[in-house]
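A look at the structure
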Number of protein chains: 2
Amino acid sequence: MSTDLKALYPATRLAAVTDAVRAAGLGALLLTPGPDLRYVTGYDAKQLERLTCLAVPATGEPFLLVPRLELGAALASPVSTLGVEVVTWGETEDAFAIAAARLGAPDVVALSDRMWALNVLKFRDAFPAATQVLASTVLSGLRIRKSAVEVAALREAGAAIDRVHAKVPAWLKPGATEREIGAKIAEAILGEGHVQVDFVIVASGPNGASPHHDVSDRALERGDVVVVDIGGTMESGYCSDCTRVYSIGEPPAEFAAYFTVLREAQEAACASVRPGVTAESVDAAARDIIAAAGYGEWFIHRTGHGIGLESHEDPYIVAGNATPLAPGMAFSVEPGIYPGPHGARIEDIVVCTEDGYERLNNAPRDLVIA
Amino acid sequence: MSTDLKALYPATRLAAVTDAVRAAGLGALLLTPGPDLRYVTGYDAKQLERLTCLAVPATGEPFLLVPRLELGAALASPVSTLGVEVVTWGETEDAFAIAAARLGAPDVVALSDRMWALNVLKFRDAFPAATQVLASTVLSGLRIRKSAVEVAALREAGAAIDRVHAKVPAWLKPGATEREIGAKIAEAILGEGHVQVDFVIVASGPNGASPHHDVSDRALERGDVVVVDIGGTMESGYCSDCTRVYSIGEPPAEFAAYFTVLREAQEAACASVRPGVTAESVDAAARDIIAAAGYGEWFIHRTGHGIGLESHEDPYIVAGNATPLAPGMAFSVEPGIYPGPHGARIEDIVVCTEDGYERLNNAPRDLVIA
């Protein structure tokens, strides 16, 4: 692989996280497997019923609690280079009691946002005097701005999903079902360098009017518009996400009218991206154009979401989010119009740069007639 | 597909769950996307940052809260046949406030075990007077005993993963890496009827001594023992999980000695399964044989885990679990011995029947010399 995992998950990050834990007045940060743990340690562990947890106390040394039978996997991960003590627990031990004995009675503990309720409630009982807050209160501020190496990983993901889109037109034949096409796309997502398929939406004809349709047994017909929204996770851990619109032969005239508006709105929203501009103003840049053209009621979702180790993360490009953009923030710009009996969405991943923006998807954005 | 989804997810289940909510003295059960929601409604929704939640109050009607843009997906699911009100919320609305306004101030709310902390803490704030408990307190008792249709779905999954194991020996050639073999296995898991690859462990030589190794770039060598533990999820939602051990040519003599013990232990544990026997006694049936042969210290994990809509669920086959087995309980029986520089594990999914057990995996359990 071309991505340098050591540079992506630098050993210095844990110190920065410890500083953030102290600055936020937390007693401890508790991270179970998922994107937060991977961000801090590089350890790509699965979330399972047995507790694996990195504890970062405000005072004292961080440690990683792992089931004894996960020890080999933990030590094979970048965790072994961080100088973090690895504490194992056996099948009949209480892992939460072990954590509590080491951490004492913190006032506030932060839990990874995707920690299962199963563990949230056990930590509640293990630290009965502690207030639980989300890890994002300290980690979002770090994760939201991507380093140059992280942007490179997202760029690599963007190029990979662009290569998948380049293959799609050949598969869009009348008679082929969305499910059949989806299976080919899933295979291509893996074939083009992702290690995981995150989602495959092939929304043809009337299904295009449901933004989160996935695939169905509907067979494509001549004249169909097909919305293809696909993404996966690379070995680096970073995600791709890109939507393009295809048609089987000439699309309906009323479709062509709003697709032109959509194309313009997506372009304007991308062009509005630069440091200091708020997330919600990027949403407004797309929404104003769509509303002015009379399609406002059919743009029923936010304009975008942040992307990195998660397909959806901060910053959300939505009304009410006054977060000012800053260099390194990466997010989708994906307005849509869904009047039925068809719909459309155009999506690129965009990174805010020092003086503007860079698009990480470069497949043609105009309607592709297959 | 051969599985009858309507029979797997009967519309009558919601009434049984409502009864269980009342019997447990809960104010409301709150299920976000995941196996609990799928079990109750048949709706296979993805867990995302936007709240989708089935609320089952003790008094009043259940309702499904969905983001407006997921409405199409929700209505295309079996939810539409349950007579449950579907309540949508828009991008700038507070979904938790909508839930709270409808549910009032329950004393106890149960949350799906895999609900993200993100939502657990928002529900905590939306219902400040409520005690949060896990949904498993009411659902585990229902989910743990599989209906005949559920057993049939697990049997279909078992046969599918058996077909994958049948292909493995041809891929185990000296020089091939674990990762290359793993990629072929992943493709075959999908090719044999699964819709998702859950895990692929190809642990060759010394890696076989780490029970949860996945794959590495290690190339296979002559004389290697290879532990292959693989599983996926079928379209039905039900999971497969099966481990077999292969060797490239003749294995080391000391390996053959403990593999014979392991084979006997796995057989004895399966044979011990019948109604009324406790989960921990199945663990003991395997462990006693392994310990008596002098390998006890190298059997470092429990004997098994329940399986159904999750790869790992109740009942866990572990010391301390005195749950008596009952017909319809399905779980893995997978003792292992890991002395290094190699290791072994044999795993079948077993269902407790009216008078004994049925194995759902039937690939040869003896060492397969590739």
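A brief structural summary.

What counts and what doesn't
Residues numbered from 1 in each chain as written. Chains lettered and ligands numbered in written order. Predicted model: local features only at pLDDT ≥ 70, side-chain atom pairs only at ≥ 80, totals over all residues. Heavy atoms only, no water. Pairing = 2+ DSSP bridges. Helix = DSSP H or I, 4+ residues; strand = E, 2+ residues; numbered from the N terminus. Contact = heavy atoms within 4.5 Å. Axes fitted to C-alpha atoms, helices over the stretch in contact; angles between N-to-C directions. Least-squares fit on C-alpha atoms with pLDDT ≥ 70 in both. Salt bridge = Lys/Arg side-chain N within 4 Å of Asp/Glu carboxyl O. Buried < 20%, exposed > 50% of the residue type's maximum accessible area, 1.4 Å probe, protein only.

All names here are of chain B. One open sheet accounts for four strands, arranged E7-E8-E9-E17; its pairing is mixed. The open sheet has two free edges, formed respectively by strand E7 (194–204) and strand E17 (368–369), since each of these has just one partner strand. As paired strands, strand E8 (residues 225–234) and strand E9 (residues 242–247) are joined by six bridges and run antiparallel to one another. Each bridged residue has a counterpart across the sheet, and for Ile230 the counterpart in E9 is Cys242. Across the sheet, helix H9 (residues 178–191) is in contact with E7 and E8; its angle to E7 comes to roughly 155 degrees.

A separate point is the relation of the copies chain A and chain B. Each of the two chain copies can be brought onto the other by rotation about an axis and movement along it. When chain A is brought onto chain B, the operation consists of a screw motion whose angular component is 180 degrees and whose axial shift is 0.0 Å, with 0.0 Å RMSD remaining. Considering both components of the superposition, the chain copies are consistent with a two-fold axis. Taking C-alpha positions as reference, the residue of chain A nearest the rotation axis is Trp116 of chain A, located at 2.5 Å. Interface overlap between copies: 100% of the residues of chain A at the interface are likewise at the interface in chain B, consistent with a symmetric, same-surface contact.

Residues and elements named next belong to chain B. Residues Asp314 and Pro315 are joined by a peptide bond in cis, for which omega reads 0 degrees. With respect to the secondary-structure elements, Pro315 resides in strand E11 (residues 313–317). In this chain, Gly340 is followed by Pro341 through a cis amide linkage whose omega measures 0 degrees. Tracing the chain through its elements places Pro341 in the loop between strand E13 (336–337) and strand E14 (344–345).

Let us look at the pattern of salt bridges. Applying the stated criterion to the full structure yields 54 salt bridges over all chains. Notably, a salt bridge pairs Asp283 of chain B with Arg287 of chain B, separated by 2.9 Å at the nearest N-O pair. Here the residue Asp283 of chain B and the residue Arg287 of chain B both occupy positions in helix H11 (residues 279–292), the gap between them amounting to four residues, near one helical turn. Residue classification places Arg287 of chain B among the partly exposed positions, given a relative accessible area of 24%. Overlapping salt bridges bring together Arg244, Arg263, Glu267, Asp348, Arg359, Arg365 and Asp366 of chain A as one network.

This is a description of form; function is not addressed.
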